[in-house]
Amino acid sequence: MTDILTVTMNPALDVLTTIDQVSHTHKMRCGAVLKHPGGGGVNVARVLHRLGANCVALYMAGGVTGERHHKLMSTEKVRCHVMPIAEETRESFSVHETSSGNDFRFVLPGPQVSAAEVEACFDYVAQHLPKQFLVISGGLAPGVPTDFYARLAALAKQHGVRVVLDTNGPALAQALKVGVYLFKPSLRELRDLTGQPLPDATSQIAAAQQLVQSKQAEIVAVSLGADGAMVVSADAQWHAKSIQVNVKTTIGAGDSFVAGMVWSLGRGSHLTEAFQFAMAAGAAALMSPGTSLCAAEDVHRLKLSHI
């Protein structure tokens, strides 16, 4: 039986290029292009596969872009179940400015999907539970109801499956009302969710604790960018400083973080060790351009060197 199922409702073909400096009006001559299969759950599955997890990535795909996306997943030998859709899978375009090290990310809305296409995804999940984990990651394509993730979370709870959630907006709020096992927001997403400025560690921890106490999540793992990350559960809290690496991109670190934590928890690790693997995976993703994501050997090396 597959241990982990990831769900991606708006995957993208990630296109990355470089330029010395971004400027308006003028044509900007870019460098070589990298293409990777992208989308939250897709990226999590790619990292889980590299770490040796038994995982399947469920996602919708259509058109020439969707075919290219699936071919790249097949090249990486990630197990997939692709739900065909009538419209074209989106692209996500990123530019790395070499003079500053900044990433400029242009995210398209994605294809309009039908009710039948959405229900086909729900039915697939329903037919392939239970699992150890159901990872719901990324935004919704146009046409997907905002309660879709809440429905998936409720379905998983009926089967005793631990839900890992990494999304934003109304879909996030509705899923949290059902309750999940692990919620992974960025600090900005936590601020948006709570409507609070959360200017310091005390307020950030309190916001995460409130989510746990209200049973919206058993564990809240907040990525803090250059300030590292923190994990809060009912009986403990930890903060970890960011691991210093040679940063080539900031893209994909959050998805790698989720994958490292899920992989470790799936092996029966204590939450503290899972947090260490999450930090190592997130840092390792920074070392490769675009959404290359992390290499397993880098994850293990960084984890051992920062215990």
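Calculation criteria
Residues numbered from 1 in each chain as written. Predicted model: local features only at pLDDT ≥ 70, side-chain atom pairs only at ≥ 80, totals over all residues. Heavy atoms only, no water. Salt bridge = Lys/Arg side-chain N within 4 Å of Asp/Glu carboxyl O. Helix = DSSP H or I, 4+ residues; strand = E, 2+ residues; numbered from the N terminus. Buried < 20%, exposed > 50% of the residue type's maximum accessible area, 1.4 Å probe, protein only. Pairing = 2+ DSSP bridges. Axes fitted to C-alpha atoms, helices over the stretch in contact; angles between N-to-C directions. Contact = heavy atoms within 4.5 Å. Core = buried A, V, L, I, M, F, W, Y, C linked by side-chain atoms within 4.5 Å. Phe/Tyr/Trp six-rings, centres within 6.5 Å; stacked < 30°, edge-to-face > 60°. Lys NZ or Arg CZ within 6 Å of the ring centre and 35° of its normal. UniProt positions renumbered as here; feature names shortened; annotations may be inferred.

Once that is clear, we can look at the pattern of salt bridges. Counting across every chain of the model gives six salt bridges. Salt-bridge contacts for E76 lead to R50; the nearest nitrogen and oxygen are separated by 3.2 Å. Taken together, the residues E76 in the loop between α2 (63–75) and β5 (80–84) and R50 in helix α1 (residues 40–51) connect sequence positions 26 residues apart. On the basis of relative accessibility, which here comes to 29%, the residue R50 falls in the partly exposed class.

Strand order in this open sheet of nine strands is β5-β4-β1-β8-β9-β10-β11-β12-β13, and the pairing throughout is mixed. A single partner strand is all that each edge strand has here, and the edge strands are β5 and β13 (237–240). Each strand axis lies, on average, 15° off the axis of its neighbour in the sheet, ignoring direction. Two strands pair when backbone bridges link them, and strand β11 (residues 217–223) and strand β12 (residues 229–232) are joined in this way by four bridges, in the antiparallel orientation. Paired with V220 across the bridge in β12 is V232. Across the sheet, helix α4 (residues 148–158) lies against β1 (4–8), β8 (133–137), β9 (162–166) and β10 (180–183), angled at about 175° from β8, the strand it touches most. Across the sheet, helix α7 (residues 201–213) touches β10, β11, β12 and β13, and the angle it forms with β12 is around 35°.

What follows deals with the pairing of β11. The element β11 is largely enclosed, with a buried count of six among its seven residues. Sheet analysis places β10 next to β11, joined by three bridges and oriented parallel. By the bridge assignment, L182 is partnered in β11 with I219.

Residues L48 and M261 are the most contacted members of the largest nonpolar core, which totals 51 residues. The greatest single-element share of this core, amounting to 11 residues, is contributed by helix α9 (residues 271–285). Aside from chain neighbours lying at most four places away, what touches M261 is L182, A221, V231, L271, A274, F275 and A278. Ranked by size, the runner-up nonpolar core spans 48 residues in total, among them F122, Y124, L165 and V222.

Glancing now at the sheet that holds strand β7 (residues 102–107). Within the open sheet, the four strands sit side by side as β3-β2-β6-β7. Their pairing is mixed. If you trace the sheet from one side to the other, it starts and ends with β3 (34–38) and β7, each paired once. In this sheet, neighbouring strand axes are inclined to one another by 25° on average, regardless of whether the strands run parallel or antiparallel. Two elements, strand β2 (residues 12–19) and β3, share five bridges in a ladder whose sense is antiparallel.

Here the focus is the pairing of strand β4 (residues 55–61). With seven of seven residues buried, β4 is to be regarded as a mostly interior element. Residues of β4 alternate between two faces, with C55, A57, Y59 and A61 on one and V56, L58 and M60 on the opposite face, all of them buried. The pairing of β1 with β4 spans five bridges and is parallel. In the strand pairing of β4, T8 is matched with Y59. Relative to β5, β4 runs parallel, the two sharing five bridges. Its bridge partner lying in β5, M60 is registered against M83.

With that settled, the discussion passes to the packing of aromatic side chains. When we look at a pair of aromatic rings, we describe it by the centre distance and by the angle of the planes. Inspection of the entire model under this criterion finds six aromatic pairs. Relative to F148, the ring of F122 has its centre 6.3 Å away and its plane inclined at 70°; by these criteria the two rings are edge-to-face. Taken together, the residues F122 in helix α3 (residues 115–127) and F148 in helix α4 connect sequence positions 26 residues apart. Each member of the pair, F122 as well as F148, carries the same accessibility label: buried. Ring centres 6.3 Å apart and planes at 50° place the aromatic pair F148 and Y149 in the tilted group. Among the residues examined, F148 registers a relative accessible area of 1% and is labelled buried. Following the ring pairs from residue to residue traces out a cluster consisting of F122, F148 and Y149. For the cation-ring pair, R151 lies above F122, with the distance from its terminal atom to the ring centre recorded as 4.0 Å.

The next thing to look at is the UniProt feature "domain: Carbohydrate kinase PfkB" (unreviewed entry) in the protein chain. The sites that carry the UniProt feature "domain: Carbohydrate kinase PfkB" (unreviewed entry) are, in the present numbering, residues 19–295. Along residues 19–295 one finds 39% helix and 22% strand; the C-alpha atoms at either end are 25 Å apart.

With that settled, consider the side chain of H36. Along the chain, H36 falls in strand β3. With a relative accessible area of 12%, H36 lands in the buried category. Those residues in contact with H36 that lie beyond four places of it in its chain are A12, L13, D14, R46, L72, P289, G290, T291 and S292.

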